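# Structure at a glance
Okay, here's what each chain looks like letter by letter:
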Amino acid sequence: WLHSRWQQVRHLLANFKGYLLTQLLNERWSRFVRAIESPETDSLAKLRAAHRNFLRRACASCFLDDSRSSKLVLECLQRVMSITTKLYHTSKNCLAQTERRGPSPELLQAWEEFQRTQQFLLRTVKVLAESGPANGAGALLLLH
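This part covers the packing of aromatic side chains. Applying the stated criterion across every chain, the model contains four aromatic pairs. Consider the rings of tryptophan 29 and phenylalanine 32, whose centres lie 5.4 Å apart with planes at 55 degrees: the pair is tilted. Pair noted here: tryptophan 29 and phenylalanine 32 are both in helix H1 (residues 2-37), with a separation of three residues, about one helical turn. Taking relative accessible area as the criterion, tryptophan 29 reaches 44% and is therefore assigned partly exposed. Using a relative accessible area of 9% as the deciding quantity, one classes phenylalanine 32 as buried. Three or more aromatic residues link up through ring pairs in this structure, and these residues are Trp29, Phe32 and Phe54.

Here it is, written out as structure tokens:
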């Protein structure tokens, strides 16, 4: 029981990390490099504009801008991490009992809280993904 639950936690965190690394570093960086290597980028002002654009897009992709949607996603992620820590400590304390008699009520409660938060996070990201190009970060996260 416990092992399969930890796999779900790891899956969520690995997907989010994978999204940040592949989508942010590869896609955004490639766009930035193309912009600065473009013949149209022929002045310091245009180079600075390309850099500002890269930073703005990178922050939005990582949910680090000041948008309401980014704040909501970050709150969800912080809650997931908090619950994950709670799950870890609860499972560590109940490991022997879980192997003998099944999960304790505390562990089941922590797991249910994680599931509710994870479902809310995924629904939130789905809504963001469907809301248009300004929130394309959510669509890319859902693909992973």
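Here the narrative resumes, following the displayed structure.
A separate point is the side chain of glutamate 113. With respect to the element layout, glutamate 113 can be found in helix H4 (residues 105-130). Assessed through its relative accessible area of 13%, glutamate 113 is described here as buried. When near neighbours in sequence (up to four residues on either side) are disregarded, glutamate 113 contacts Arg79, Ile83 and Lys86.

What follows is about the confidence of the model for the protein. Overall, the predicted model of the protein reaches an average pLDDT of 77, with 79% of residues at or above 70. Taken element by element, the predicted model of the protein shows its lowest mean pLDDT in helix H5 (residues 136-143) (47) and its highest in helix H2 (residues 44-61) (90). In this model residues 138-144 is a low-confidence stretch, pLDDT under 50, and it forms 21 contacts with partners more than four residues away in sequence or in other chains.

The next subject is the side chain of serine 70. Mapped onto the secondary structure, serine 70 falls in helix H3 (residues 68-101). Taking relative accessible area as the criterion, serine 70 reaches 2% and is therefore assigned buried. Residues contacting serine 70, with those up to four places away along its chain left out, are Ala60, Phe63, Leu64 and Asp65.

When you line up the elements, arginine 34 lands in helix H1. With 16 residues separating them along the chain, arginine 34 and alanine 50 place their C-alpha atoms 9.7 Å apart.

This part takes up the nonpolar core. It is characteristic of soluble globular proteins that their nonpolar side chains tend to be buried jointly. One finds Val9, Phe63, Val73, Leu87, Phe114 and Leu121 to be the most contacted residues of the largest nonpolar core, which totals 19 residues. Elements with a minimum of two residues in this core: H1, H3 and H4. It is H4 that provides the largest number of residues to this core, a total of seven residues.

A separate point is a nonpolar patch on the surface. Among the surface-exposed residues, Ile36, Leu44 and Leu47 lie close enough to one another that they form a single nonpolar patch of about 250 Å² accessible area. Secondary-structure assignment places leucine 47 in helix H2. Of the residues examined, leucine 47 reaches a relative accessible area of 35% and is grouped as partly exposed.

What counts, and at which threshold
- In every chain, residue numbers begin from 1 and rise along the written sequence.
- Whole-chain, interface and lining totals are the exception, using all residues; otherwise, since this is a predicted model, local features are given only for residues with pLDDT of at least 70 and side-chain atom pairs are given and counted only at 80 or more.
- Computation of side-chain values: all heavy atoms of the structure, hydrogens and water removed.
- Only Phe, Tyr and Trp rings are paired, with Trp represented by its six-membered ring, and only when their centres lie within 6.5 Å; those with planes under 30 degrees apart are stacked, over 60 edge-to-face, the remainder tilted.
- In this description a helix means any DSSP run of H or I spanning at least four residues, a strand means any run of E spanning at least two, and both kinds are numbered starting from the N terminus.
- For the exposure calls, accessible area comes from a 1.4 Å probe over protein chains only, and a residue counts as buried if that area is under 20% of its type's maximum, exposed if over 50%, partly exposed in between.
- Here, two residues are considered to be in contact whenever any of their heavy atoms come within 4.5 Å of each other.
- As a per-residue measure, pLDDT reflects the predictor's confidence and takes values from 0 up to 100.
- The definition of a nonpolar core used throughout is a set of buried Ala, Val, Leu, Ile, Met, Phe, Trp, Tyr and Cys residues joined through side-chain atoms within 4.5 Å.
- A patch consists of residues exposed above 30% relative accessible area that lack any salt bridge, with like charges linked at up to 9 Å and nonpolar side chains (Val, Leu, Ile, Met, Phe, Trp, Tyr) linked at up to 5 Å.
- What sets the accessible areas is the Shrake-Rupley method with a 1.4 Å probe; for residues, cover comes only from the shown protein chains.
- Only one rule defines a salt bridge in this text: a Lys or Arg side-chain nitrogen within 4 Å of an Asp or Glu carboxyl oxygen.

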